Amino acid sequence: MTSFTDLGLAADLCRAVDAEGYVTPTPIQAGAIPALLLGRDLLGIAQTGTGKTAAFALPVLQRLSQENRRAMPRSPRALILTPTRELALQIAECFQTYGRQLNLRHAVIFGGVGQGPQVTLLARGVDVLVATPGRLLDLMQQGHLRLSDVSVFILDEADRMLDMGFVRDVRKIVAAVPAKRQTMLFSATMPQEVTALANSLMSDPVRVEVTPPATTVERIEQRVMFVTRDDKRHLLANLLKAEGVGRAIVFTRTKHGANRVAEQLCKMGVPADAIHGNKSQNARQRALGDFRSGVLRTLVATDIAARGIDVDGITHVINFDLPVEPEAYVHRIGRTARAGAAGQALSFCDHDEVPYLQAIEKTIRRAVPVDHDHAWHAHGVAGRHAANQAAGRGSVRRSDRPSSSPSRSNNRNSSRSHSSSRVSEAGART
Ligand code: AMP
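Residues numbered from 1 in each chain as written. Predicted model: local features only at pLDDT ≥ 70, side-chain atom pairs only at ≥ 80, totals over all residues. Heavy atoms only, no water.

Caption draft 1: Structural detail: the overall build of the chain. Within the chain one finds 18 helices and 14 strands. Looking at the chain as a whole, 55% of its 430 residues qualify as buried. Put simply, 79% of the contacts in the chain that link residues at least 6 apart link residues at least 24 apart. For the chain, the exposed surface amounts to about 18400 Å²; the carbon and sulfur share of it is 49%. (Helix = DSSP H or I, 4+ residues; strand = E, 2+ residues; numbered from the N terminus. Buried < 20%, exposed > 50% of the residue type's maximum accessible area, 1.4 Å probe, protein only. Contact = heavy atoms within 4.5 Å. Areas by Shrake-Rupley, 256 points an atom, 1.4 Å probe, with all protein chains shown as cover.)

Caption draft 2: Seen up close, the site of the ligand. Within the structure, the ligand sits among 13 residues, and Tyr-22, Gln-29, Gly-49, Gly-51 and Thr-53 are positioned closest to it. Between the ligand and the protein, one listed contact pairs an oxygen atom with a backbone N or O atom of Gly-51 at 2.8 Å. Contacts to the ligand include Thr-53, whose side-chain N or O atom sits 2.5 Å from an oxygen atom. Expressed as a share of its isolated accessible area of 500 Å², the protein-covered part of the ligand is 73%. (Near = heavy atom within 4 Å. Polar contact = N/O pair within 3.5 Å; in protein donor to acceptor, adjacent residues only side chain to side chain.)

Caption draft 3: Highlighting the nonpolar core. Phe-56, Leu-58, Phe-95, Val-130 and Met-184 are the most contacted members of the largest nonpolar core, which has 42 residues in total. Examining the composition of this core, we find that eight residues originate from one element, helix 3 (residues 52–67), more than from any other. Residues Val-119, Ala-158, Met-161 and Val-177 belong to the second largest nonpolar core, which totals 35 residues. (Core = buried A, V, L, I, M, F, W, Y, C linked by side-chain atoms within 4.5 Å.)

Caption draft 4: Representation of the packing of aromatic side chains in the model. Using the criterion set out here, one finds four aromatic pairs in the structure. Relative to Phe-186, the ring of Phe-56 has its centre 5.3 Å away and its plane inclined at 50°; by these criteria the two rings are tilted. Taken together, the positions of Phe-56 in helix 3 and Phe-186 in strand 6 (residues 182–187) put the pair 130 residues apart, joining distant regions of the chain. Like Phe-186, Phe-56 is buried. Through a chain of ring-to-ring contacts, the aromatic side chains of Phe-56, Phe-95 and Phe-186 assemble into a single cluster. (Phe/Tyr/Trp six-rings, centres within 6.5 Å; stacked < 30°, edge-to-face > 60°.)

Caption draft 5: Summary view of the sheet that holds strand 11 (residues 298–301). In spatial order, the strands read 8-13-12-9-11-10; together these six strands make up an open sheet with parallel pairing. The sheet terminates laterally at strand 8 (221–226) and strand 10 (272–275), the two strands that pair on one side only. Taking the axes of each pair of neighbouring strands and ignoring which way they run, one obtains an average angle of 20° across the sheet. One ladder, built from four bridges, connects strand 9 (residues 247–251) with strand 11; its direction is parallel. Looking at the pairing, Phe-251 lines up with Ala-301 of strand 11. (Pairing = 2+ DSSP bridges. Axes fitted to C-alpha atoms, helices over the stretch in contact; angles between N-to-C directions.)

Caption draft 6: View of helix 2 (residues 27–37). Counting buried residues along helix 2, eight of its eleven residues qualify, which places the element largely inside the surrounding structure. Listing the buried residues of helix 2 in full gives Pro-27, Ile-28, Gln-29, Gly-31, Ala-32, Ile-33, Ala-35 and Leu-36. Looking at the residues trailing helix 2, positive phi occurs at Gly-39, about 90°.

Caption draft 7: Main features of the packing of helix 16 (residues 354–363) against helix 17 (residues 379–390). The contact between helix 16 and helix 17 brings their axes to 10 Å, and the two run at 45°. With respect to each other, helix 16 and helix 17 are oriented oblique. When you trace helix 16 past helix 17, the crossing you get is right-handed. Residues Val-354, Pro-355, Leu-357, Gln-358 and Glu-361 of helix 16 form the contact with helix 17, whose participating residues are Val-381, Arg-384, His-385, Asn-388 and Gln-389. For the contact of helix 16 with helix 17, the residue count by class is four nonpolar, four polar and two charged. (Parallel < 35°, antiparallel > 145°, perpendicular 65-115°, else oblique. Left-handed = near helix turned anticlockwise from the far one by under 90°. Nonpolar A, V, L, I, M, F, W, Y, C, P; charged D, E, K, R; others polar.)

Caption draft 8: A look at the environment of His-234. Looking at where His-234 falls in the secondary structure, it is placed in helix 11 (residues 232–241). Here the alpha-carbon distance between His-234 and Ala-375, two residues 141 residues apart in the chain, equals 9.5 Å. When sequence neighbours within four positions are dropped, the list of residues in contact with His-234 reads Met-268 and Trp-376.

Caption draft 9: Molecular detail of the pairing of strand 12 (residues 314–319). Along strand 12, five of the six residues are buried, which leaves the element largely enclosed by surrounding structure. Note that strand 9 and strand 12 share five bridges and pair parallel. Directly across from Ile-249, in strand 12, lies its bridge partner Val-317. Sheet topology places strand 12 next to strand 13 (residues 344–349); four bridges connect them, and they run parallel. If you follow Asn-319 over to strand 13, its bridge partner there is Ser-347.

Caption draft 10: The arrangement of the pattern of salt bridges in detail. If you walk through the whole model with that rule in mind, you get 20 salt bridges. Note that Glu-157 and Lys-52 form a salt bridge whose closest N and O atoms lie 3.4 Å from each other. With Glu-157 in the loop between strand 5 (152–155) and helix 7 (158–163) and Lys-52 in helix 3, the pair connects residues that are 105 residues apart, well separated along the chain. Like Glu-157, the residue Lys-52 is buried in the burial classification. Put simply, Arg-63 and Glu-67 hold a salt bridge, and the shortest N to O gap is 3.5 Å. You can see Arg-63 and its partner Glu-67 sitting in helix 3, four residues apart, about one turn around the helix. We classify Arg-63 as partly exposed; its relative accessible area is 26%. Through salt bridges that share partners, Arg-229, Lys-232, Arg-253, Asp-321, Asp-350, Asp-352 and Glu-353 make up one connected network. (Salt bridge = Lys/Arg side-chain N within 4 Å of Asp/Glu carboxyl O.)

Caption draft 11: Region of interest: the side chain of Ser-151. Mapping Ser-151 onto the fold places it in the loop between helix 6 (133–141) and strand 5. Overall, Ser-151 belongs to the buried group, its relative accessible area being 11%. Beyond its immediate sequence surroundings of up to four residues, Ser-151 is in contact with Arg-63, Glu-67, Arg-77, Arg-181 and Gln-182.

Written as structure tokens, this is what we have:
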């Protein structure tokens, strides 16, 4: 099995990860670290929880310590841009932990707090700067910071960054970083906007993709319910009122859809709230707090907003809309059956969503069992799906019996240790 030493990391860094109790590199680490140590650009398709922070932090620390020079005042040598204050703090903590034995300085800057202490830190000179875009630009414009010395630039959670409306800020910041640099972009999903951004930022990047394993999916009880678009809300309210639903996350494709579904549920007597990128950080945290404490049993979310949700005891994941990207299905349903709890994933599929269902079934390499026994079953939609299957447009194992019962094991841990990575040289353009 590969060790951190095999990846080419220096002894100081190997000792630091050893002290953290890491025995083997995670797939994203094994895929990314050797290429990054060679100075390549990287496109990392991975979400939080995969070990991606160490995947970029360790090579950055190694590179900076080998260059053997000090940071000039107000001129960081490595810049990590991340969308939220929480992530910025987490990343900075990793640099602190892994870099304990190295003579490098780091700082973290974000908005919502006084800028005085941040300005003082920058003036002393920092090697690694972790920042959210707004405050970074503010300090640059005031002359407290310049990016002309940055030789490594990392854009973390790029999809979330764009979802939160930071694209212009990101472009302004990139324009201030020298063109001759090493660039890394991490994103859990790759919508077109992120691909375009990746293409504009990087040259010939190595691509490392980490997907949760099919085995995780197999442990969750999944069902698909064919239904017309108009009937979805009735089916949803009915399901949520049934016994046995503890905590449920309902996924919609759009932010507007999330609001609408939450409102409809409230009107139908099911208290619910929505979280998505258009809501303020406070509103999101309030909804999440209520969900976590059990005040609120139903949360309606978009894929990206749901990323930060780490709540145990989710009994049901309901796909009100099927995701366009099949990988998102795997991420969504992985929210249930965590930490030994039982969980169900129910997916609504209307006429227009049949192709999405087929793409999902191909990705997870199995057919999702069909629930015909609900009051809003749409024969026409089921027929379209069956006809496509028969025409060979979906080549997966089919069984209408519910799959194996939900796992009793701890999925949170197993998902990391089992996840697999794909590394390719194809670059962001493919
Ligand atoms: P991240 O995806 O960077 O947020 O990391 C998720 C968690 O995994 C963090 O708590 C890390 O400390 C932990 N972690 C990162 N790399 C490893 C590893 N190789 N072995 C075990 N745990 C790790």
